[in-house]
Amino acid sequence: MTLERQAVRPPAQSRGAGPAGQQPRRRSRRDEILEIAVGLFAARGYHGVSMDDIGAAAGVTGPALYHHFAGKEAMLAAALIPVSEQLLAGGKAHIAEAGQDPRAALAALVDFHVEFALANPAVIALHLHELDRLPEEPRRQIRRLQRLYVEEWVSTLTTLRSELNDGEARVLAHAAFGLMNSTPFLGGEVDRTRRAELLRAATLSALQG
């Protein structure tokens, strides 16, 4: 499956979140259009896609498309800001669930992020290549959310490994993201379950020393 066909989804642990038995929210037409736009941006590059391209792929005329989004920048922000918010919220929740066990917290963080990365390669591609296309304010908002997410990892690592200072733990956290966020570049020759196992093992090995 190419990036152009990948769906935009929230991180795996946040899907269908809510009271027990509650069904996941039905995808709206706006969600469908955003999924198509993100796939096109990831596959062709932000500047390689026009609003007409998105409308044609979604089967939506120009006026109807602008009813949902003011333009490409709005689509990019709508894809990246919620994901950054969900990663931060999910990371905090997994650390809290682990209680006072930093090793369990780290394993939960790795599991959480690997599942996100495997489910959302197109979104990761946008983060890597297209974030600077956004206006200053949404770009700053995303960067801030990303920094806060990194600091959750830093706090966990320094608790687990007392020999690390914050700066050293931050280096390791970013290295771990490099491993886990490699999913846009992975082919389909290895099945998803095995890919998840390999990414988890490589990341934990890098972080635990």
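Structure first, text after, so check above.
Worth saying up front: this structure is predicted, and the values here are computed from it rather than measured.

### A look at the packing of aromatic side chains
Aromatic rings in a pair are described by how distant their centres are and how their planes are angled relative to each other. Here the structure, examined in full by the defined rule, presents four aromatic pairs. Ring geometry for F41 versus Y46: centroids 5.3 Å apart, planes at 50°, classification tilted. Just as F41 is buried, Y46 falls in that class too. For the ring pair W153 and F177, a centre distance of 5.2 Å and an interplane angle of 75° mean the geometry is edge-to-face. Residue W153 is found in helix α7 (residues 136-160), and its partner F177 is found in helix α8 (residues 166-180); the two are separated by 24 residues along the sequence. Residue class for W153 comes out buried when judged on its relative accessible area of 0%. The exposure class assigned to F177 is buried, which follows from its relative accessible area of 9%.

### Remarks on the environment of G55
Among the structural elements, G55 can be located in helix α2 (residues 51-58). Under the relative-accessibility criterion, G55 is labelled buried at 4%. Along the sequence, G55 and I36 sit 19 residues apart, while their C-alpha atoms lie 9.2 Å from each other. In contact with G55, other than residues within four places in its own chain, are V60 and L65.

Criteria and thresholds
Residues numbered from 1 in each chain as written. Predicted model: local features only at pLDDT ≥ 70, side-chain atom pairs only at ≥ 80, totals over all residues. Heavy atoms only, no water. Phe/Tyr/Trp six-rings, centres within 6.5 Å; stacked < 30°, edge-to-face > 60°. Buried < 20%, exposed > 50% of the residue type's maximum accessible area, 1.4 Å probe, protein only. Helix = DSSP H or I, 4+ residues; strand = E, 2+ residues; numbered from the N terminus. Contact = heavy atoms within 4.5 Å.

The values are spatial; any link to function lies outside them.
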